[in-house]
Amino acid sequence: MDHRAVRKALQSHSPASLLEQPESQHLEAKKRPYAPRNPVEVDELAKDICAFANSGGGVLVIGIATRKRGDEDVFDRFVPLERTDVDRDRYRKLIHDHICPAPQGVKVEWSEDPQGRRVLFIDVPEQPPNCTFVVAAPTRNTGPRPDTVAVPVRTGDSTRWVKREELQRQISVGRSNADRPTPAAGSALLRPGSGVPELESKVCTAYGLLASCGLGTPAGEAYRHGEAALQDFRHIREGKPGWTLCLVPDRPAVAVSAPVWAAVVATGSSDIGGEPLAAVGVPKPPRDRKNRPLAPWTVPANARKVDLSGGTWGPGRLKRSWRGTWQWEPTVPNPTSLERRSAGSWTVQTWAPYLRLRALVTLPWADAPSLRISRAWRQIVQQRLRFSRLNAALNSLLPRRGSHLPTTPWTADLDTPSEHSASYTKRISTPDGTPALTATAMITLPDCPGAAVVSCVDVRIEDAVAWTQVANGRSDHRLAVQEVANVLRTAWHAAGELLPTAVRANSDRRWTAPPTAELSLSTEQPDHSGQLTTLASAIELSALTSPARHRTEMAVRMTVPPSLSRTRRTVLVDEALDRMAREVHPFQREMELI
């Protein structure tokens, strides 16, 4: 049940239908009413309503308690609430006086069924686009300061404050658009295309084609954003979300529902450059069975995904989660050559291994500088590594060679405990203690805006002689391609999904740039002639399409979501190995894959 269905149920006096519904970005429950004589609770009321106003609207239900169900809070039971407990007019006045500007159309109403089950609900409709609502900024001891402001927003089922870095970017974007035409004093004087005379006829034509979809009167003048011409329109029916009409050269016009357009802009606003559409691009038109773009077309308010293209992040897709939050992810494969990267020296090591297999994941989260690794989560990750797919893949290498030497468990690096990094090590050694194979899993957090979380798993065969000894003395101690693929796949899974749980990673975090993954293979010890040992001496490469017998390294970089299904990750690793083997020069490739 989305917040529109919740609104309808409450208006029809059926509050019991909300039971077992989870809280979401647009729905929240509160057990007791706010106390209007308590300044702290007045500030809480203003913050909660302001967050809905900044996040596409929502419904706050008072008089229902929640309970935990997994990782979500669900509406559980009614709490007795008398009509004399709440002064609705006082609530309306507090909302009007403590939020700037005052959100429009907010309703404070009762909903009661024939059995006497009663709740109070505050309905915050979707507000005009490009309007940010603020409240007085809270302080630790002295209460809100009226000479400062803060911006609350809804993220998933919780309310958070917009961080200073994000506010600074939004202010910078506002200043860069200071020459954007402002709406006319009377909206009746506006017309489609007014504000961009050179494109007025095209905007009028597009409006005529899309008006039947619900476009009403203009809510402001048209304006340019890069190559795009944009104009906001009201919905033809009062109370319905408005539209943003978008025209891009050589593309059919599109009308995007205002809350979806707000999600597109919010996603790109985290980009370091501060230009949302330049980062994520604009909606990409769907195609018919003959691969022709549909024209014109619309993106409704209930859309679950929006394909985007034309931005610096590359082709991508905005997807709505079950919580109602939006997340960007890359989509279309587009291989391009890549210069040699410095990732090979990311770990600190005093000796060169015989063979190195590496998976390195870059996670440019917008809130990365504020993340910390607690002692409790450091231990949780260590326990998860013990039962991980990576651990199983490493433990399977020796039995396949007829060896049954014991393997050590994952141990945490306690030499330099830090809130900004975590490192774990696992070793396989010869009977005399000489390291034969070492696996290191590590994650590091940035300490400045714009930097990314980096997660890496390094698997190293330290010495050929020691590896031959633990491999039961076999003369051909080389790894099979299937073993290499399995280690890379499980190392990638650990780097992309397991290690980030150290900071309680979730799919609702926003990006400042596309996430990437890098897979690499390298030999780094010289042979008796002083030349680097080739990959063919450490890996059986005959199974690949084009054996690379004289190479000492192969690598591929992908723009790809960190969370993938096991099947999809397996396919991508196989594709990456085959692509690396077929490349003659350079040894590294960059792929945008999902």
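To be clear, the structure that these remarks concern was listed above.
Fair warning: this is a prediction, and the values are worked out from it, not measured in the lab.

### Examining the overall build of the protein chain
Here's step 1: Counting secondary structure elements, the protein chain contains 12 helices and 31 strands.
Here's step 2: Looking at the protein chain residue by residue over its 594 residues, the buried ones come to 50%.
Here's step 3: At a minimum sequence separation of 6, the contacts of the protein chain that also span at least 24 residues come to 66%.
Here's step 4: As presented, the protein chain carries roughly 28,100 Å² of accessible surface, and 51% of it is formed by carbon and sulfur atoms.

### As for the packing of helix 11 (residues 481–498) against helix 12 (residues 566–582)
Here's step 1: Running from N to C, helix 11 and helix 12 point in directions that differ by 125°, and their axes come no closer than 10 Å. As the angle between them shows, helix 11 and helix 12 are arranged oblique. Pair helix 11 / helix 12 crosses with right-handed handedness. Along its contact with helix 11, which presents Val481, Ala485, Leu488, Arg489, Trp492, His493 and Glu497, the element helix 12 presents Arg566, Arg569, Thr570, Leu572, Val573, Asp574 and Leu577.
Here's step 2: Here the contact of helix 11 with helix 12 is composed, by residue class, of 7 nonpolar, 2 polar and 5 charged.

### Looking at unusual backbone geometry
Here's step 1: The omega angle of the peptide bond from Cys100 to Pro101 is -10°, so this bond is cis rather than trans.
Here's step 2: Along the chain, Pro101 turns up in the loop between helix 3 (88–98) and strand 5 (107–112).
Here's step 3: Phi is positive for Glu20, close to 75°, though the residue is something other than glycine.
Here's step 4: Here Glu20 shows up in the loop between helix 1 (3–11) and strand 1 (27–30).
Here's step 5: Positioned with a positive phi, Asp250 is a non-glycine residue whose angle comes to about 65°.
Here's step 6: Note that Asp250 resides in the loop between strand 14 (243–247) and strand 15 (254–257).
Here's step 7: Asp250 gets classed as exposed once you look at its relative accessible area, which sits at 85%.

### Observations regarding the packing of aromatic side chains
Here's step 1: Under the criterion given, the structure shown has 4 aromatic pairs.
Here's step 2: With 6.2 Å between their ring centres and 65° between their planes, Tyr34 and Tyr91 make a pair best called edge-to-face. Here Tyr34 is found in the loop between strand 1 and helix 2 (39–53), whereas its partner Tyr91 is found in helix 3, with 57 residues between them in sequence. With respect to burial, Tyr34 and Tyr91 carry one shared label: buried.
Here's step 3: Seen from their ring centres, Trp313 and Trp328 are 5.1 Å apart, and the 75° between their planes marks the pair as edge-to-face. On the criterion of sequence distance, the pair formed by Trp313 in the loop between strand 18 (305–309) and strand 19 (316–320) and Trp328 in strand 20 (residues 326–330) is long-range, its members being 15 residues apart.
Here's step 4: Sitting above the plane of the Tyr34 ring, Lys30 keeps its charged end 4.4 Å from the centroid.

### A look at the sheet that holds strand 20
Here's step 1: Strand order in the open sheet made by the 4 strands is 16-18-19-20, with antiparallel pairing throughout. Every interior strand has two partners, whereas the edge strands, strand 16 (282–283) and strand 20, have only one.
Here's step 2: With 2 bridges connecting them, strand 16 and strand 18 associate as antiparallel partners. What sits directly across from Pro283, in strand 18, is Leu308.
Here's step 3: Seen against the sheet, helix 6 (residues 258–268) touches strand 16, strand 18, strand 19 and strand 20 and runs at an angle of roughly 125° to strand 19.

### Quick notes on the nonpolar core
Here's step 1: Ranked by internal contacts, the top residues of the largest apolar core, which has 91 residues, are Leu355, Leu357, Val457, Trp467, Trp492, Leu521 and Ile539.
Here's step 2: At 10 residues, helix 11 tops the list of elements feeding residues into this core.
Here's step 3: Counting residues in hydrophobic clusters, the runner-up holds 24 residues, among them Ala53, Leu60, Leu94 and Val108.

### Some details on the pattern of salt bridges
Here's step 1: Evaluated as defined, the whole model comprises 26 salt bridges.
Here's step 2: The closest approach of N and O atoms between Glu112 and Arg83, which form a salt bridge, is 3.0 Å. Here Arg83 lies in the loop between strand 4 (72–78) and helix 3 and Glu112 lies in strand 5, a separation of 29 residues in the sequence.
Here's step 3: On the accessibility criterion, Arg83 (41% relative accessible area) is partly exposed.

### Let's talk about the sheet that holds strand 2 (residues 58–62)
Here's step 1: Spatial strand order, 1-2-6-5: 4 strands in an open sheet with mixed pairing. The open sheet has two edge strands, strand 1 and strand 5, and neither has a second partner. Strand-to-strand twist of the sheet, defined as the mean angle between neighbouring strand axes without regard to direction, takes the value 25°.
Here's step 2: Pairing analysis gives 4 bridges linking strand 1 to strand 2, with the strands arranged parallel. Bridging from a neighbouring strand, Leu27 pairs with Val59 of strand 2.
Here's step 3: Helix-sheet contacts for helix 2 involve strand 1, strand 2 and strand 6 (118–124), and the interaxial angle to strand 6 is about 55°.
Here's step 4: Across the sheet, helix 3 lies against strand 2, strand 5 and strand 6, angled at about 145° from strand 5, the strand it touches most.

### Observations concerning the pairing of strand 24 (residues 421–429)
Here's step 1: Here strand 23 (residues 411–412) runs beside strand 24; their pairing, made up of 2 bridges, is antiparallel. Within strand 24, the residue paired with Ala412 across the bridge is Tyr424.
Here's step 2: With 9 bridges connecting them, strand 24 and strand 25 (residues 435–444) associate as antiparallel partners. Bridge pairing in strand 25 links Tyr424 to Ala441.

### Examining the environment of Asp123
Here's step 1: As for its placement among the helices and strands, Asp123 is situated in strand 6.
Here's step 2: Each C-alpha atom, one on Asp123 and one on His3, is 9.6 Å from the other, the two residues being 120 residues apart in sequence.
Here's step 3: Setting aside residues no more than four positions away along its own chain, Asp123 makes contact with Arg7, Gln11, Gly58, Val59, Gly105, Val106 and Lys107.
Here's step 4: Side-chain polar atoms of Asp123 contact the side chain of Arg7, separated by 2.7 Å.

### Remarks on helix 12
Here's step 1: Across its 17 residues, helix 12 extends 25 Å between first and last C-alpha, which sits within 8% of the 24 Å expected from 1.5 Å per residue.
Here's step 2: Within the span of helix 12, buried status applies to Arg569, Leu572, Val573, Ala576, Leu577, Arg579, Met580 and Ala581.

Reading the values: the criteria
Residues numbered from 1 in each chain as written. Predicted model: local features only at pLDDT ≥ 70, side-chain atom pairs only at ≥ 80, totals over all residues. Heavy atoms only, no water. Helix = DSSP H or I, 4+ residues; strand = E, 2+ residues; numbered from the N terminus. Buried < 20%, exposed > 50% of the residue type's maximum accessible area, 1.4 Å probe, protein only. Contact = heavy atoms within 4.5 Å. Areas by Shrake-Rupley, 256 points an atom, 1.4 Å probe, with all protein chains shown as cover. Axes fitted to C-alpha atoms, helices over the stretch in contact; angles between N-to-C directions. Parallel < 35°, antiparallel > 145°, perpendicular 65-115°, else oblique. Left-handed = near helix turned anticlockwise from the far one by under 90°. Nonpolar A, V, L, I, M, F, W, Y, C, P; charged D, E, K, R; others polar. Phe/Tyr/Trp six-rings, centres within 6.5 Å; stacked < 30°, edge-to-face > 60°. Lys NZ or Arg CZ within 6 Å of the ring centre and 35° of its normal. Pairing = 2+ DSSP bridges. Core = buried A, V, L, I, M, F, W, Y, C linked by side-chain atoms within 4.5 Å. Salt bridge = Lys/Arg side-chain N within 4 Å of Asp/Glu carboxyl O. Polar contact = N/O pair within 3.5 Å; in protein donor to acceptor, adjacent residues only side chain to side chain. Expected span 1.5 Å × (residues − 1).

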